[in-house]
Amino acid sequence: MIALIAIAAVAGLSAFTAVGVKDQTYVASPEFSANAEASSENVVVYYSRSGHSEAVAREVAKRLKAPISRIDADYPLSFGGQTKAIADAEAKAFPLINVESLDLRPAKRVYLVSPTWMFRPAPPLWTFVRQSDLSGKDVVLIMTGNSRFKQEEIDKFSHLINSRGGHLIHQEFIRRGRVYWQMSRGELLDTVNSSMNELAPQH
Ligand SMILES: Cc1cc2nc3c(=O)[nH]c(=O)nc-3n(C[C@H](O)[C@H](O)[C@H](O)COP(=O)(O)O)c2cc1C
């Protein structure tokens with residue numbers, strides 16, 4: 001019995017450590033930037049701490065040939081950064097952000113891509129929406145996560161979008177899977193492409 005408890009404790013601890021390490025590992029993806037003739041009716045805006053939402057955002061932008069803009073926020077890839085991320089998500093904070101130059105005015109549809117933190121879009125996205133004029137724009141929310149989100153949190157996010165004049169027309173949650181059972185990068189991008197196939201493009 002004691003041996004079983006010890007094995008379970010070691011397994012639990014190593015899974016916990018693996019989660020911590022994975023959450024602190026940035027996984028790079030090829031950059032995409034729209035060329036001068038690209039239509040700006042669609043725009044992609046994303047926040048990503050460890051690179052997975054970034055890969056998704058770049059795939060969406062590449063597919064739509066859309067301008068893409070990164071949100072920066074202060075959540076370093078360290079245990080300290082992770083603790084702050086959890087605290088801010090739980091406190092429903094609006095952290096300071098820096099958004100890569102972006103002209104939202106011509107956009108009819110805005111794709112927001114974010115990791116899921118404490119069952120909701122990561123706080124930098126909330127700040128972005130709160131400080132943006134989304135008048136008349138459709139918004140598509142794509143979240144990546146390991147396990148799950150809460151619909152009531154998305155509903156609150158949708159209300160915030162409404163308060164800025166926009167309209168959430170579609171939400172997508174890409175479950176990457178937990179520690180040892182995560183999607184490969186290929187599987188992640190295949191999932192993005194199938195979701196995009198189901199969503200009528202903005203012309
Ligand atoms: C602080 C923190 C909280 C998280 N909370 C959740 C959660 O509630 N639900 C979930 O499915 N994944 C959760 N995750 C996992 C991330 O959403 C997932 O790894 C995501 O794909 C990371 O995206 P990124 O690489 O773009 O930062 C959390 C990760 C962190 C760092």
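So, here is what we can say about the structure in this document.

### What to know about the overall build of the protein
Reasoning step 1: The secondary structure content of the protein amounts to six helices and seven strands.
Reasoning step 2: Listed by position from the N terminus, the elements making up the protein come as α-β-α-β-α-β-β-β-α-β-α-β-α.
Reasoning step 3: Scored against the burial criterion, the 203 residues of the protein give a buried share of 44%.
Reasoning step 4: Nonlocal contacts in the protein, meaning residues at least 24 apart in sequence, comprise 81% of its contacts between residues at least 6 apart.

### Let's talk about the site of the ligand
Reasoning step 1: Near the ligand there are 21 residues, and of these Ser-48, Ser-50, Phe-119, Thr-144 and Ser-147 occur at the shortest range.
Reasoning step 2: For the ligand, a nitrogen atom lies 3.1 Å from a polar atom in the backbone of Met-118.
Reasoning step 3: The backbone of Phe-119 places a nitrogen or oxygen atom 2.6 Å from an oxygen atom of the ligand.
Reasoning step 4: Of all the secondary structure elements, the ones that give two or more residues to the shell around the ligand are α2 (52-64), α3 (79-91), β4 (109-117) and β6 (138-145).
Reasoning step 5: Per-element accounting of the shell around the ligand gives the leading share, three residues, to β4.

### With respect to unusual backbone geometry
Reasoning step 1: The phi angle at Lys-65 is positive, at roughly 50 degrees, despite the residue not being glycine.
Reasoning step 2: Topologically, Lys-65 is positioned in the loop between α2 and β2 (68-72).
Reasoning step 3: On the basis of relative accessibility, which here comes to 54%, the residue Lys-65 falls in the exposed class.

### Focus on the pairing of strand β1 (residues 42-47)
Reasoning step 1: Counted residue by residue, β1 has six buried out of six residues, so it is predominantly covered.
Reasoning step 2: Side chains Asn-42, Val-44 and Tyr-46 of β1 all project onto a buried face; the interleaved residues Val-43, Val-45 and Tyr-47 project onto the opposite face, where all are buried too.
Reasoning step 3: In the sheet, β1 pairs with β2 via four bridges, with the strands oriented parallel. Bridging from a neighbouring strand, Tyr-46 pairs with Arg-70 of β2.

### Notes on the pattern of salt bridges
Reasoning step 1: Taken as a whole and assessed by the stated rule, the structure comprises nine salt bridges.
Reasoning step 2: We note a salt bridge from Asp-74 to Lys-84, for which the minimum N-O separation is 4.0 Å. Pair noted here: Asp-74 is in the loop between β2 and α3 and Lys-84 is in helix α3, with a separation of ten residues, a long-range link.
Reasoning step 3: Classification of Asp-74 by relative accessible area gives exposed; the value is 51%.
Reasoning step 4: Three or more residues joined by partner-sharing salt bridges are found here, namely Lys-92, Arg-120, Glu-153 and Lys-156.

Conventions and cut-offs
- What you see as residue numbers is a count from 1 along each chain, following the sequence as written.
- Only residues with pLDDT of 70 or above have their local features reported here, since the model is predicted, and side-chain atom pairs are shown and tallied only from 80 upward, although totals for entire chains, interfaces and linings are computed over all residues.
- Values reported for side chains reflect all heavy atoms of the structure, with hydrogen atoms and water molecules removed beforehand.
- Where helices and strands are cited, they refer to DSSP runs of H or I of at least four residues and of E of at least two residues respectively, numbered from the N terminus.
- Note on classification: 1.4 Å probe, protein chains only; a residue is buried when its accessible area is under 20% of the maximum for its type, exposed when over 50%, partly exposed between these limits.
- We call two residues in contact when some of their heavy atoms are within 4.5 Å.
- Nearness is defined per residue: one heavy atom within 4 Å of the molecule or strand is enough.
- Polar contact criterion, stated in full: a pair of N or O atoms within 3.5 Å, where within protein one must be able to donate a hydrogen and the other to accept it, and residues adjacent in sequence count only if both atoms are side-chain atoms.
- A pair of strands is treated as paired once DSSP finds two or more bridges between them.
- Salt bridge, as applied in this entry: a Lys or Arg side-chain nitrogen positioned within 4 Å of an Asp or Glu carboxyl oxygen.

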